[in-house]
Amino acid sequence: MTTPTNPLPAPAFDAHHPPSTEIIDKCVHCGFCLPVCPTYVLWGQEMDSPRGRIYLMKLAAEGAVQINPKWVSHFDSCLGCMACMTACPSGVDYGKLIEATRAQIERNFPRSSAEKHYRQFLFETFTRPDRLRRLRAPLLAYQKSGLQALVRGLGLLYLLPKKWRAMEALLPKLAPLEAVPEITRAVGAKRRRVGLLLGCVQREFLSQVNGATARVLAAEGCEVVAPQAQTCCGALLVHAGEESAAIDFAKKTIDAFEKVNVETIVTNTAGCGSNVKEYGHLLRDDPEYAERAKKFAAKCKDISEVLTELEPRSPRHPLRLRVAFHDSCHLQHAQGVRSQPRALLSRIPGLELAEIPESAICCGSAGIYNLVQPDAAKSLGDRKAELVSQLAADVVATGNPGCILQLQSALARHHQKIPVVHTIQLLDASLRAQSPDFLRD
């Protein structure tokens, strides 16, 4: 007579690319990730640390827990900043784990109707430059008419839900739109033909960054091609678990740049850059795009990487500024780019570089994080603003539009009138021998 055996519990994950057990098993729970994890630094809770979240993934994979609201909350609170990857001595690729887990959540966890519609609004707005452009006129009217100052001064924003207040606080001061042409000719002998990824929010609300990028590349001998047909690269979506939509955008991005035959694809937004460099992984199942995605990703480089590879051609004119440099997480941790932006700034005569303490810890921007987790994002932004305020800096430089908006908002709360700009804007001002516009505002 045989004794019946209990069947093994079914995993909580579906069969489509669950978090890799091979990567999960690499984690030895050493704790090196704890001091650099923003949420662990804020709250000191094990399940809101990388090793705690990995343990929750393992439990779900083994069927010991289900995807329920409490379990999901620990992953929603993760910024996906990848600081743990830089700190990890075992080489755990937490980035692939959190993206796979979030994709499982979005497929298998029923969010509330309000949360679902709010996220849908974010994804259908911030991934569509055409829709963002239509918002420019009403936002300009809101700012220029004095209505924004009145609304803020009277405290009327507190009539809005917290997440919508957070969105209003992040609004940039809109400048005239600076469109980048399809082709910007190289100054002097052409050294490279490069493509430029324009981004979405940056293209419409921080367009001066793209303008500066094209000018600097051209001045250094690059012909710059900015395909006007390019769409969102899918970064916001893939980092939030919206895998299917991210794949569609990735394919369109590859199609747009394959047509223009460039040697290098330049990114100047850290989140987008980390995403396009991983297209080979994202499109690994697609027989038509898998190899093309790998080739595309191999061409992608941050603007600071490209410029440090080129021997400087254009003279740098002095900028008498003390610059606090903020490392974007998706630049320093996801892409491993730290020394290159500093090298670019250090070549500008008269510029003094100041390092912000706790540089490994996120400012709280993290894609849509400051819009869906406003309390944690505000705490991290305030922490970063306090550190910046101690440096007596004239300007803060960084390599990501989300960080620019987050730091501007946090510094304003601390009554610090310190402009926050992209690193390339300082180099552009130096090459043009002009006082930067952002210092005249």
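Report on the accompanying structure.

## Some details on the sheet that holds strand β3 (residues 222-225)
The strands making up a sheet are joined through hydrogen bonds of the backbone, oriented either antiparallel or parallel. If you walk across this open sheet you meet the 5 strands as β1-β3-β2-β4-β5, and the pairing is mixed. Edge positions in the sheet fall to β1 (183-184) and β5 (300-302), since each of these pairs with one other strand and no more. As paired strands, β1 and β3 are joined by 2 bridges and run antiparallel to one another. Across the sheet, the residue bridging to T184 is V224, located in β3. Here helix α12 (residues 207-219) sits on the sheet in contact with β1, β2 (192-196), β3 and β4 (264-267), set at roughly 150 degrees to β3. Strands in contact with helix α17 (residues 290-299) are β4 and β5; relative to β5, the strand with the most contacts, it is inclined by about 25 degrees.

## Looking at the side chain of T269
With respect to the helices and strands, T269 occurs in the loop between β4 and α15 (270-276). Discounting chain neighbours no more than four positions away, the residues touching T269 are Q202, G399, N400 and P401.

## A look at the pattern of salt bridges
With the rule as written, the count across this model stands at 40 salt bridges. For R119, the salt bridge goes to D76, with nearest N and O atoms at 4.0 Å. Remark: D76 occurs in helix α4 (residues 69-76) and R119 occurs in helix α7 (residues 113-126); sequence separation between them is 43 residues. Assessed through its relative accessible area of 8%, R119 is described here as buried. On the basis of relative accessible area, D76 is assigned to the buried category, the value being 15%. Put simply, E106 and R111 hold a salt bridge, and the shortest N to O gap is 2.8 Å. A residue is classified by how much of its surface remains accessible, and E106, at 22% relative accessible area, is partly exposed. Since its relative accessible area comes to 11%, R111 is described here as buried.

Parameters at a glance
Residues numbered from 1 in each chain as written. Predicted model: local features only at pLDDT ≥ 70, side-chain atom pairs only at ≥ 80, totals over all residues. Heavy atoms only, no water. Pairing = 2+ DSSP bridges. Helix = DSSP H or I, 4+ residues; strand = E, 2+ residues; numbered from the N terminus. Contact = heavy atoms within 4.5 Å. Axes fitted to C-alpha atoms, helices over the stretch in contact; angles between N-to-C directions. Salt bridge = Lys/Arg side-chain N within 4 Å of Asp/Glu carboxyl O. Buried < 20%, exposed > 50% of the residue type's maximum accessible area, 1.4 Å probe, protein only.

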